[in-house]
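Structural overview
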Amino acid sequence: MKPAITVLGTGRMGAALAHALLKAGYSTTVWNRTIEKTAALAAAGATVAASVLDAVEASEIIVVNVTDYPATAALLRGDVASALRGKLVVELTSGTPNGAREAGEWSTEYGVTYLDGAIMATPDFIGTEHGTILVSGPRQPFEQSKEMLQALGGNVQHVGDDLGLANALDSALLALMWGSLFGALQSIAVCRAESIDLGELARQWTATAPVVEGLVTDLIKRTEAGRLAADDETLSSISPHYSAFRHLVELMDVRKIDRTVVDGYDAIFRRGIAAGHLHDDFAALSQFMEKAG
Ligand code: NAP
């Protein structure tokens, strides 16, 4: 027998979560501040609750997906709190590690079981085998609700008992994502300045992406192992990286392209080189990112 599930928040992501639950055969109650956004879910078989309290009372498992933790707190920490006692709240709203830990403390005080999740996917991945959701918090409720969580994302993973871990990993992975996205903005600016067709950039990126992915994976592994000095397996030391980087900066200066992003890279390169790491593995730069310079 599948448990009934309530979803609070049916924006882009919350709606995808609720649709995935319905598709997997869960009796699903939804609530959204703007009720019009629940129409498609009602048509798909969801029960639309008139209030947060009604929504919470309808199920033993409450999935929350709103904009941020203050919005969640505003929904759950008033009159609704007593109705949550003994229930499981799965917070899938994005937040900080300390935000999740604080919510966990509040939940313990009010007799609520709490899991905190980070969705590492866009709504189109929800309900598919490739949807990744990282979950932290107590193991037992995770195992008990795992089938439901897998209906949301086929690749759901418990990353630890510390409630802050899912959000911490989320931020770490988003740092990688924004590195790529801001890098793409930089590439586009260079191509436009040099009259290179963006279709050509897309084609060449497809060919180059596996090389970049290999470098990122190697960097993480070498840093974990503390292999910061160059050795036989070093793919590239800082020296050739910095030479190529200077070419980029020169081109950008000639074309008067905004340097905001690359100036940050330059500062890290310079710190590493000044500390004598020019001929060490690129992983040596990891030491200069861990504390504010
Ligand atoms: P969205 O489409 O803007 O939806 C935001 C939702 O939060 C809406 O349901 C909105 O209600 C509700 N909300 C905001 N403030 C509220 C308040 N004070 N009280 C009650 N409800 C409130 O955003 P989204 O893309 O679905 O994102 C929702 C969460 O998922 C965010 O934490 C986001 O970081 C996370 N996430 C999103 C993605 C993605 O690709 N979209 C990926 C990973 C994680 P109204 O409809 O009434 O405005």
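First, a word on what this report is: a plain description of the structure on this page.

Here the second largest pocket is characterised by a volume of approximately 170 Å³. In this structure, the second largest pocket is lined by 13 residues; those nearest its centre are Ile61, Leu88, Pro141, Gln144 and Ser145. Looking at the lining of the second largest pocket, its residues break down into six nonpolar, four polar and three charged.

Taken together, 20 residues lie near the ligand, and Met13, Asn32, Thr34, Lys37 and Ser94 sit nearest. In the model, an oxygen atom of the ligand is placed 3.5 Å from a nitrogen or oxygen of the Thr10 main chain. Between an oxygen atom of the ligand and a side-chain N or O atom of Asn32, the distance comes to 2.6 Å. Out of a free accessible area of 900 Å², the ligand has 75% covered by protein chains. Here the shell around the ligand is composed, by residue class, of seven nonpolar, ten polar and three charged.

Moving on, we get to the pairing of strand S4 (residues 61-64). Residues Ile61 and Val63 point to one face of S4 and Ile62 and Val64 to the other, with burial holding for every one of them. Bridging between S4 and strand S5 (residues 88-91) involves four bridges; their strand directions are parallel. Bridge pairing links Val64 to Glu91 in S5.

Phi is positive for Ser195, which is not a glycine, with a value near 55 degrees. With a relative accessible area of 67%, Ser195 lands in the exposed category. Although it is not a glycine, Lys256 sits at a positive phi angle of roughly 55 degrees. Inspection of the secondary structure assignment puts Lys256 in the loop between helix H11 (238-254) and helix H12 (260-274).

We now examine the packing of helix H9 (residues 165-193) against helix H10 (residues 198-225). Look at H9 against H10: their axes get within 12 Å of each other, and the N-to-C directions meet at 145 degrees. Between H9 and H10 lies a crossing of right-handed hand. Contacts between H9 and H10 involve Leu176, Ser187, Ile188, Cys191 and Arg192 from the former and Leu198, Leu201 and Val216 from the latter. For the contact of H9 with H10, the per-class residue count stands at six nonpolar, one polar and one charged.

Bringing H11 into the picture now. Look at H11: 24 Å from first C-alpha to last across 17 residues, which is about the 24 Å you get at 1.5 Å a residue. When we look at burial in H11, the residues that qualify are Ile238, Tyr242, Phe245, Val249 and Met252. Here the buried residues of H11 occupy an arc of 75 degrees about the axis, which is enough to place them on one side. Among the exposed residues of H11, those oriented more than 90 degrees off its buried face are His247, Glu250 and Val254. Where H11 is buried, its residues contact H9 and H12.

With 13 residues, helix H6 (residues 97-109) ought to run about 18 Å at 1.5 Å a step, and its terminal C-alpha atoms sit 19 Å apart, in line with that. Looking only at H6, the buried set comprises Gly99, Ala100, Ala103, Gly104, Trp106 and Ser107. End-on view of H6: buried residues confined to an arc of 165 degrees, all on one side of the axis. Exposed residues pointing more than 90 degrees away from the buried face of H6 are listed as Asn98, Glu105, Thr108 and Glu109. Where H6 is buried, its residues contact helix H4 (69-76), helix H5 (81-84), strand S6 (113-119) and H9. Just past H6, the residue Gly111 takes up positive phi, approximately 70 degrees.

Turning next to the pattern of salt bridges. Scanning the model with the defined rule gives 14 salt bridges in all. Of the charged contacts, one joins Asp231 and Arg227 as a salt bridge, the two residues approaching to 3.2 Å between their closest N and O atoms. Close ionic contact of Arg259 with Asp253 constitutes a salt bridge, the shortest N to O distance being 2.9 Å. Through salt bridges with shared partners, a single network forms among Arg222, Arg227, Asp231, Glu233 and Asp281.

Basis of the calculations
- Residues numbered from 1 in each chain as written.
- Predicted model: local features only at pLDDT ≥ 70, side-chain atom pairs only at ≥ 80, totals over all residues.
- Heavy atoms only, no water.
- 1 Å grid on protein atoms, 1.4 Å probe; cavity = no way out; pocket = protein on both sides within 12 Å on 5 of 7 lines; lining within 4 Å.
- Points joined across faces, edges and corners; volume = space filled by probe spheres on them.
- Nonpolar A, V, L, I, M, F, W, Y, C, P; charged D, E, K, R; others polar.
- Near = heavy atom within 4 Å.
- Polar contact = N/O pair within 3.5 Å; in protein donor to acceptor, adjacent residues only side chain to side chain.
- Areas by Shrake-Rupley, 256 points an atom, 1.4 Å probe, with all protein chains shown as cover.
- Buried < 20%, exposed > 50% of the residue type's maximum accessible area, 1.4 Å probe, protein only.
- Helix = DSSP H or I, 4+ residues; strand = E, 2+ residues; numbered from the N terminus.
- Pairing = 2+ DSSP bridges.
- Axes fitted to C-alpha atoms, helices over the stretch in contact; angles between N-to-C directions.
- Left-handed = near helix turned anticlockwise from the far one by under 90°.
- Contact = heavy atoms within 4.5 Å.
- Expected span 1.5 Å × (residues − 1).
- Arc of directions from axis to C-beta.
- Salt bridge = Lys/Arg side-chain N within 4 Å of Asp/Glu carboxyl O.

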